[in-house]
Amino acid sequence: MNFEVQLGRTIFPNPVLAASGTFGFGLDFPRVANAIGGIVTKAITVEPRAGNPPPRIYEFPGGIINSVGLENPGLKRFRAEILPRLARLKSRLIVNIAGFSIEEFGLLAESLSSERVDGFEVNVSCPNVAEGGALFGQDPKMVERVTRVVRQQTDKTVIVKLTANFIDPVETAKAALAGGADAVTLINTLFGLALQKDGTPFLGGRTGGISGPAIKHFALFCVDRVARAVAIPVIGCGGIMNGQDALDFISAGARLVQVGTASLRNPYAPLEVWCELRLLCRKNRFKNWADVIGRTGRSS
Ligand code: SIN
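These numbers come from a predicted model, not from an experiment. (Residues numbered from 1 in each chain as written. Predicted model: local features only at pLDDT ≥ 70, side-chain atom pairs only at ≥ 80, totals over all residues. Heavy atoms only, no water.)

## Points about the site of the ligand
Part 1 of the reasoning: Neighbouring residues of the ligand: Lys-42, Asn-66, Val-68, Gly-69, Leu-70, Asn-123, Cys-126, Pro-127, Asn-128 and Asn-188.
Part 2 of the reasoning: One of the backbone N or O atoms of Gly-69 is found 2.7 Å from an oxygen atom in the ligand.
Part 3 of the reasoning: In this structure, Leu-70 approaches the ligand through a main-chain N or O atom, which is 2.8 Å from an oxygen atom.
Part 4 of the reasoning: Coverage of the ligand by the protein chains reaches 90% of its 260 Å² of free accessible surface.
Part 5 of the reasoning: Of the residues that constitute the shell around the ligand, the class distribution is 4 nonpolar, 5 polar and 1 charged. (Near = heavy atom within 4 Å. Polar contact = N/O pair within 3.5 Å; in protein donor to acceptor, adjacent residues only side chain to side chain. Areas by Shrake-Rupley, 256 points an atom, 1.4 Å probe, with all protein chains shown as cover. Nonpolar A, V, L, I, M, F, W, Y, C, P; charged D, E, K, R; others polar.)

## Digging into the pairing of strand 14 (residues 254-259)
Sheet faces and side chains relate simply in a regular strand, where the side chains alternate between the two faces.
Part 1 of the reasoning: In terms of burial, strand 14 is a largely internal element, 5 of the 6 residues being buried.
Part 2 of the reasoning: Looking at chain direction, strand 3 (residues 16-18) and strand 14 are connected through 3 bridges and run parallel. Among the inter-strand pairings, Val-16 is bridged to a residue of strand 14, identified as Val-257.
Part 3 of the reasoning: Judged from the 4 bridges that link them, strand 13 (residues 234-237) and strand 14 form a sheet pairing that is parallel. In the strand pairing of strand 14, Val-234 is matched with Ala-254. (Buried < 20%, exposed > 50% of the residue type's maximum accessible area, 1.4 Å probe, protein only. Helix = DSSP H or I, 4+ residues; strand = E, 2+ residues; numbered from the N terminus. Pairing = 2+ DSSP bridges.)

## Overview of the sheet that holds strand 5 (residues 57-60)
Strand pairing within a sheet occurs via backbone hydrogen bonds; the two strands may be parallel or antiparallel.
Part 1 of the reasoning: Strand order in the open sheet formed by 4 strands is 5-6-12-11, and the pairing between neighbours is antiparallel. Each of the sheet's edge strands pairs with one partner strand only, and the pair in question is strand 5 and strand 11 (190-192). Averaged over neighbouring strand pairs, the angle between their axes works out to 35 degrees when direction is ignored. (Axes fitted to C-alpha atoms, helices over the stretch in contact; angles between N-to-C directions.)

## Regarding the environment of Arg-295
Part 1 of the reasoning: Looking at the element boundaries, Arg-295 is found in helix 12 (residues 295-298).
Part 2 of the reasoning: A residue is classified by how much of its surface remains accessible, and Arg-295, at 34% relative accessible area, is partly exposed.
Part 3 of the reasoning: Taking C-alpha positions, Arg-295 is 7.2 Å from Gly-253, a pair spaced 42 residues apart along the chain.
Part 4 of the reasoning: Once you skip the residues sitting within four places of it in the chain, Arg-295 turns out to touch Leu-247, Ser-251 and Phe-286. (Contact = heavy atoms within 4.5 Å.)

## Regarding the packing of helix 5 (residues 140-153) against helix 6 (residues 169-179)
Part 1 of the reasoning: For the pair helix 5 and helix 6, the least separation of the axes is 7 Å and the interaxial angle reads 30 degrees. In terms of orientation, helix 5 lies roughly parallel with respect to helix 6. Crossing geometry of helix 5 relative to helix 6 is assigned as right-handed. Contact with helix 5, carried on its side by Pro-140, Val-143, Glu-144, Thr-147, Arg-148 and Arg-151, involves Glu-171, Thr-172, Ala-175, Ala-176, Ala-178 and Gly-179 of helix 6 and no other residues of that element.
Part 2 of the reasoning: Along the lines of polarity and charge, the residues of the contact of helix 5 with helix 6 split into 5 nonpolar, 3 polar and 4 charged. (Parallel < 35°, antiparallel > 145°, perpendicular 65-115°, else oblique. Left-handed = near helix turned anticlockwise from the far one by under 90°.)

## Examining the side chain of Thr-261
Part 1 of the reasoning: Structurally, the position occupied by Thr-261 is in helix 9 (residues 261-265).
Part 2 of the reasoning: Residue contacts for Thr-261: discarding those within four places in its chain leaves Thr-22, Ile-64, Ser-211 and Gly-212.

## A closer look at the sheet that holds strand 10 (residues 183-186)
Part 1 of the reasoning: In space, the 8 strands of this closed barrel follow the order 3-4-7-8-9-10-13-14, with parallel pairing throughout. The sheet shows a mean angle of 25 degrees between the axes of neighbouring strands, taken without regard to direction.
Part 2 of the reasoning: With 3 bridges joining them, strand 10 and strand 13 adopt parallel strand pairing. What sits directly across from Val-184, in strand 13, is Val-234.
Part 3 of the reasoning: Its contacts with the sheet place helix 7 (residues 216-229) against strand 10, strand 13 and strand 14, and it is angled at close to 170 degrees to strand 13.

## Notes on helix 2 (residues 74-82)
Part 1 of the reasoning: All of the buried residues along helix 2 are Gly-74, Leu-75, Phe-78 and Ile-82. Burial along helix 2 is one-sided: seen end-on, the buried residues are contained in an arc of 140 degrees. Residues of helix 2 that are exposed and point more than 90 degrees away from the buried face comprise Lys-76 and Ala-80.
Part 2 of the reasoning: Looking at the buried side of helix 2, the elements it contacts are strand 7 (93-97) and helix 3 (102-111). (Arc of directions from axis to C-beta.)

## What to know about the packing of aromatic side chains
In this description, an aromatic ring pair is defined by two values, namely the gap between the centres and the angle between the planes.
Part 1 of the reasoning: Taken as a whole and assessed by the stated rule, the structure comprises 9 aromatic pairs.
Part 2 of the reasoning: Ring centres of Phe-3 and Trp-289 lie 5.0 Å apart, and the angle between their planes is 65 degrees; this geometry places the pair in the edge-to-face category. Remark: Trp-289 occurs in helix 11 (residues 289-292) and Phe-3 occurs in the segment before strand 1 (5-7); sequence separation between them is 286 residues. This pair shows no difference in class: Phe-3 is buried, exactly as Trp-289 is.
Part 3 of the reasoning: Centre to centre, the rings of Phe-25 and Phe-78 are 5.4 Å apart; their planes meet at 35 degrees, and the pair counts as tilted. In this pair, Phe-25 is assigned in the loop between strand 3 and helix 1 (30-35) and Phe-78 in helix 2, connecting sequence segments 53 residues apart. Across this residue pair, the class does not change: Phe-25 and Phe-78 are buried.
Part 4 of the reasoning: An aromatic cluster of at least three residues, connected via ring pairs, comprises Phe-3, Trp-274 and Trp-289. (Phe/Tyr/Trp six-rings, centres within 6.5 Å; stacked < 30°, edge-to-face > 60°.)

Here it is in structure tokens:
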């Protein structure tokens, strides 16, 4: 079976990607990076960021709450020091970009539209910053404006990573489509608060974003809802820990999936998910990948 997926101008060799922020830049695990569909980098901002104070991760039985705060080396260092090293990898490379203004999103897309970069994941959904992030992503007009600016600056594949916090992602997916996006990623983490026994916040950034198995079924709901309502390809993300989870997202309408939290425990997780997905397809005797995508929606 042919598992290739095309989004914009990018042909992904298979549908399993490493999610932003959970796989660094892919340089530490080249065997994994080269075998999966592609990698989405940690978010890059115009200026370097130290991120939020520790602790940044709270663990609970259903997953984690992170409050990283977009720690990254910034545009200049990423372009000068990291991007050239990424030439070593043959995997598809999607750079996650996070601006604090519309202009910053444009600048990031323009400056990073190099040969090595296959596309951008426009981050309008980070829950851990006081400006930009999820605040942009909760406003469909802002989502459309940010997407349009990025689209104007690049002919690379443009993916918009949406939030499902206090907004119907159908509205923002429509906005991303109107702005010229090739696809949307659904969903980024859900707002969360973890407390210590004395009632004070556990995380240094006070609140964070919940990810892992606890959010899988809500993420699936969002993927199914958007895939049926909006004519834009969806990349599913949220609690994908194994091949069956990935197949569930594909069945709900996702063209590709991202493995995030699972990689924090096991950096081989994206590769394992891909191998398990392939085996499941064989076991289920699927003949045509296109028939598997969105079969949930066609059954009801
Ligand atoms: C973070 O760096 O705080 C997480 C990034 C994100 O959720 O987009």
